[in-house]
Amino acid sequence: MRHIISVLLENEPGALSRVVGLFSARGYNIESLTVAPTEDASLSRMTIVTNGSDEVIEQITKHLNRLVEVVKVYDLSDGSHTERELMLIKVRAVGKEREEMKRTADIFRGRVIDVTDKSYTIELTGDSAKLDAFIESIDKTAILETVRTGASGIGRGERILRV
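Predicted model only: the values in this text are computed from it and were never measured.

S.K.: Looking at this model, I keep getting lost on the side chain of serine 119. Mind explaining?
M.R.: Residue placement: serine 119 occurs in strand β7 (residues 119-126). Separated by 2.9 Å, the side chains of serine 119 and threonine 116 make a polar contact.

S.K.: Please explain the packing of aromatic side chains as it appears in this structure.
M.R.: For any pair of aromatic rings, the description consists of the separation of the ring centres together with the inter-plane angle of the planes. The full count for this structure, using the stated rule, is two aromatic pairs. Ring geometry for phenylalanine 23 versus tyrosine 28: centroids 6.2 Å apart, planes at 80°, classification edge-to-face. We classify phenylalanine 23 as buried; its relative accessible area is 1%. Ring geometry for phenylalanine 108 versus phenylalanine 134: centroids 5.4 Å apart, planes at 85°, classification edge-to-face.

S.K.: Sorry, what's going on with the environment of arginine 84 here?
M.R.: In this fold, arginine 84 is placed in strand β5 (residues 81-92). For arginine 84, a relative accessible area of 48% gives the class partly exposed. C-alpha separation for the pair arginine 84 and alanine 15, spaced 69 residues apart in sequence, amounts to 24 Å. Sequence-distant contacts of arginine 84, that is, excluding residues within four places in its chain, are made with Gly126, Gly150, Ala151 and Ser152.

S.K.: What exactly am I supposed to notice about the layout of surface pockets here?
M.R.: If a probe as big as a water molecule is rolled over the atoms, it shows which places are left empty. If you add up the space inside the largest pocket, you get close to 240 Å³. Along the wall of the largest pocket there are 14 residues; nearest its centre are Glu39, Arg45, Ile160, Leu161 and Arg162. Elements represented by at least two residues in the lining of the largest pocket include exactly β3 (43-51) and β9 (152-155). Split into classes, the residues belonging to the lining of the largest pocket amount to six nonpolar, three polar and five charged.

S.K.: Is there a simple way to explain the sheet that holds strand β4 (residues 70-75) in this structure?
M.R.: Two modes of strand pairing occur in sheets, parallel and antiparallel, and in both the strands are linked by backbone hydrogen bonds. Spatial strand order, β2-β3-β1-β4: four strands in an open sheet with antiparallel pairing. Looking at which strands have only one partner, the edges of the open sheet turn out to be β2 (32-37) and β4. Here the strands of the sheet are splayed against their neighbours by 15° on average, with no regard to which way each runs. As paired strands, strand β1 (residues 2-10) and β4 are joined by five bridges and run antiparallel to one another. Among the inter-strand pairings, isoleucine 5 is bridged to a residue of β4, identified as aspartate 75.

S.K.: Looking at this structure, I do not really get helix α3 (residues 96-107). What am I missing?
M.R.: With 12 residues, α3 extends 17 Å from end C-alpha to end C-alpha; this agrees with the ideal 16 Å at 1.5 Å per step. Of all the residues in α3, the buried ones are Met101, Thr104 and Ala105. Axial view of α3: buried residues confined to an arc of 100°, hence all on one face. Of the exposed residues in α3, the ones pointing more than 90 degrees away from its buried face are Lys96 and Ile107. On its buried side, α3 packs onto β5, β7 and α4 (128-137). Downstream of α3 by one or two residues, arginine 109 has phi in the positive range, about 60°.

S.K.: Mind showing me how you'd approach the environment of serine 119 here?
M.R.: Judged by relative accessible area, which is 9%, serine 119 ranks as buried. Separated by 18 residues in the primary sequence, serine 119 and methionine 101 have C-alpha atoms spaced 9.8 Å apart. If near-sequence neighbours (up to four positions away) are discounted, serine 119 is found in contact with Lys90, Val91, Arg92, Ala93, Arg98, Asp114 and Leu144.

How each quantity is defined
- Residues numbered from 1 in each chain as written.
- Predicted model: local features only at pLDDT ≥ 70, side-chain atom pairs only at ≥ 80, totals over all residues.
- Heavy atoms only, no water.
- Helix = DSSP H or I, 4+ residues; strand = E, 2+ residues; numbered from the N terminus.
- Polar contact = N/O pair within 3.5 Å; in protein donor to acceptor, adjacent residues only side chain to side chain.
- Phe/Tyr/Trp six-rings, centres within 6.5 Å; stacked < 30°, edge-to-face > 60°.
- Buried < 20%, exposed > 50% of the residue type's maximum accessible area, 1.4 Å probe, protein only.
- Contact = heavy atoms within 4.5 Å.
- 1 Å grid on protein atoms, 1.4 Å probe; cavity = no way out; pocket = protein on both sides within 12 Å on 5 of 7 lines; lining within 4 Å.
- Points joined across faces, edges and corners; volume = space filled by probe spheres on them.
- Nonpolar A, V, L, I, M, F, W, Y, C, P; charged D, E, K, R; others polar.
- Pairing = 2+ DSSP bridges.
- Axes fitted to C-alpha atoms, helices over the stretch in contact; angles between N-to-C directions.
- Expected span 1.5 Å × (residues − 1).
- Arc of directions from axis to C-beta.

Below, the structure is given as structure tokens:
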């Protein structure tokens, strides 16, 4: 089962390396990983997307909590949450394809952020399923390059990850 784990950790050199090392040493896979400072410059928020049974996720959480730099660990998948991912996709857009590609981007609420004579670069945000659906809806041979951030998530309502 897919889990989104949010980790609040001290913003210091080597913290990211220790978390990733924990995963690799135990053979756990990281599907995506995002890290950025929070409103408190001394803390960073890390979002890890991984797959595993509830028992495996419980073990991951316990191991993370043992790391000195980790302040708090929270499995967003345990409750109601919102997640988003950003994708930048460069597609071939010449001739009749141009208008069709623009129309498809509009349907998925994407924005064309760069235009050349032969291509568009489109920005899309949403959950992973939405971004996958966009890729499925266009001709695979039209895709020149794709960059995805991985999921970022936040609890809904009163669910807060804070010290």
